[in-house]
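Each chain, written out:
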Amino acid sequence: MKSGRYIGVMSGTSLDAIDVVLAAIDAQGLTQQASYSHPVPAALRQQILAICQGQTLTLSQLGQLDTYLGRLFADAIMTMMRRQQLSSSDIMAIGCHGQTVWHEPGGEAPNTLQLGDNNQIAAATGITVVGDFRRRDLALGGQGAPLVPAFHQAVLMDPEERRMVLNIGGIANLSLLLPQEPLRGFDTGPGNMLLDAWIWQQQAKPYDKDGAWGAGGVVNHALLHQMLADPFFSLPAPRSTGREHFNLHWLEHHLARSPGIAPADVQATLAELTVKTIVDQVLQHGGCQRLLVCGGGAHNRLLMARLQALLTSCRVMTTDQMGISSGDMEALAFAWLAWRTLNGLPGNLPSVTGARAESVLGAIFPANRYPADG
């Protein structure tokens, strides 16, 4: 088995930062050793947001963005390595998810696109990179997402307790770790995505710290009911979604039908939308004894309080309390998926994604460790 130190890199739909983690991985498990959060330049963030919401661009612009993101991921990795005094020979491989700019798992030609040229990362770091994790599952008839539930099962499954793992990133997704049942996982709907978009438009803030602005508003139930009528929420699993569906245009469409709502009340209603769509799925699948929350939303006090209020028979807590960093969970998962790929092990679960078969995931970009000049 190709055991050793692996680096995981994740830039999620929330676009808040690039998460880089260092972990020691072998057949017995995973131990996190370091983490680092690298900023995303504001101009680049706006470019990505525009693409995710359907803005047209030239092939040249798309190619340049792919290169810029690859360089940015490489910078993030090298910064973390310098801080940890690591050289390329210390690392077995990098698992890089890339930046999703479009995810369309339905229709005649299902597709998903993650940008960030892995060749740039391999060339800059001298380390083997594993990337492009989602498209093999899509080719096998799956959703290509979510891929993290398999990791949740590996590190948080309990043989007796009914557990669910909730990741609240830009999109919220749920992993059902239920004893004696096949692992299942799916997107519940928007997580922080609409909350972040609205506070950015109204207050030029990247996110609602602690959920304080939303907590000061009042839920508008007419708007909430209208948003809950979106067809996505009635789709059966497997299902996945992204910013190409739930975005500021989507919100503005609903607000146009319900004018005059105070901005803080819109924020409160969006928070309730996130919570309600999560809770509905938890209860629909039989509930749980423990809901383990990770992702940026784990720090939103309003979301966490509402989840606990509506799930009275369940203990709502962060994965930090179980020894797995809530902020680093997804980056750790892609380090683990890179380990599985290099060892020829499948990374997807058909019970989660709907693929017709398990498969090794990703493409491998071998290291180029260049000899010294001369």
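For the structure itself, look to the data block above.
About the criteria used
Residues numbered from 1 in each chain as written. Predicted model: local features only at pLDDT ≥ 70, side-chain atom pairs only at ≥ 80, totals over all residues. Heavy atoms only, no water. Salt bridge = Lys/Arg side-chain N within 4 Å of Asp/Glu carboxyl O. Helix = DSSP H or I, 4+ residues; strand = E, 2+ residues; numbered from the N terminus. Buried < 20%, exposed > 50% of the residue type's maximum accessible area, 1.4 Å probe, protein only. Pairing = 2+ DSSP bridges. Axes fitted to C-alpha atoms, helices over the stretch in contact; angles between N-to-C directions. Contact = heavy atoms within 4.5 Å. Core = buried A, V, L, I, M, F, W, Y, C linked by side-chain atoms within 4.5 Å. Phe/Tyr/Trp six-rings, centres within 6.5 Å; stacked < 30°, edge-to-face > 60°.

**A short note on the pattern of salt bridges**
Side-chain pairs of opposite charge can arise where the charged atoms are in close proximity.
Piece 1. Throughout the structure, instances matching the rule amount to nine salt bridges.
Piece 2. The partner of Arg184 in a salt bridge is Glu181, with the nearest N and O atoms 3.0 Å apart.
Piece 3. With a closest N to O distance of 2.7 Å, Glu272 and Arg306 form a salt bridge. Taken as a pair, Glu272 in helix α10 (residues 263–284) and Arg306 in helix α11 (residues 301–310) lie far apart in primary sequence, 34 residues in all.
Piece 4. With relative accessibility at 10%, the residue Glu272 sits in the buried group.
Piece 5. A network of salt bridges, in which partner residues are shared, links Asp158, Glu161, Arg163 and Arg290.

**Re the sheet that holds strand β11 (residues 315–318)**
Piece 1. With mixed pairing, five strands are arranged side by side in an open sheet as β9-β8-β7-β10-β11. Here the strands that pair on one side only, and so sit at the sheet edges, are β9 (184–190) and β11. Each adjacent strand pair in this sheet contributes to an overall mean axis angle of 20°, direction not counted.
Piece 2. Against the sheet, helix α5 (residues 149–156) makes contact with β7 (163–168), β8 (171–177), β9 and β10 (290–294), and its axis sits at roughly 45° relative to β8, the strand it touches most.

**Things to note about the nonpolar core**
Piece 1. Ranked by internal contacts, the top residues of the largest apolar core, which has 47 residues, are Leu166, Leu251 and Leu291.
Piece 2. Broken down by secondary-structure element, the contributors of at least two residues to this core are β7, β8, α6 (193–203), α8 (221–228), α9 (248–257), α10, β10 and α11.
Piece 3. When residues of this core are assigned to their parent elements, the largest contribution, nine residues, is made by α10.
Piece 4. Setting aside its immediate chain neighbours within four residues, Leu291 contacts Met164, Leu166, Leu174, Val282, Leu311, Cys314, Arg315, Val316 and Met317.

**Side note on the packing of aromatic side chains**
Piece 1. One pass over the structure, following the stated rule, counts six aromatic pairs.
Piece 2. Both rings, one in Phe151 and one in Trp336, keep their centres 5.6 Å apart while their planes meet at 50°; by these two values the pair is tilted. A residue pair is termed long-range when its members are at least 10 positions apart, and Phe151 in helix α5 and Trp336 in helix α12 (residues 329–342) qualify at 185 residues.
Piece 3. Using a relative accessible area of 0% as the deciding quantity, one classes Phe151 as buried.
Piece 4. Judged by its relative accessible area of 9%, Trp336 is buried.
Piece 5. These aromatic residues form a ring-pair network of at least three members: Phe232, Phe233, Phe246 and Trp250.

**Structural notes on the pairing of strand β1 (residues 4–11)**
Piece 1. Taken across its eight residues, β1 has six buried, putting it largely inside the fold.
Piece 2. Where β1 meets strand β2 (residues 18–26), seven bridges bridge the pair, whose relative direction is antiparallel. Along β2, the bridge assignment pairs Arg5 with Ala24.

**With respect to unusual backbone geometry**
Piece 1. Omega for the peptide link from Ala145 to Pro146 comes to -15°, which places this bond in the cis form.
Piece 2. Structurally, the position occupied by Pro146 is in the loop between α4 (135–139) and α5.
Piece 3. Note the cis peptide between Ala237 and Pro238, where omega equals 5°.
Piece 4. Checked against the element boundaries, Pro238 lands in the loop between α8 and α9.

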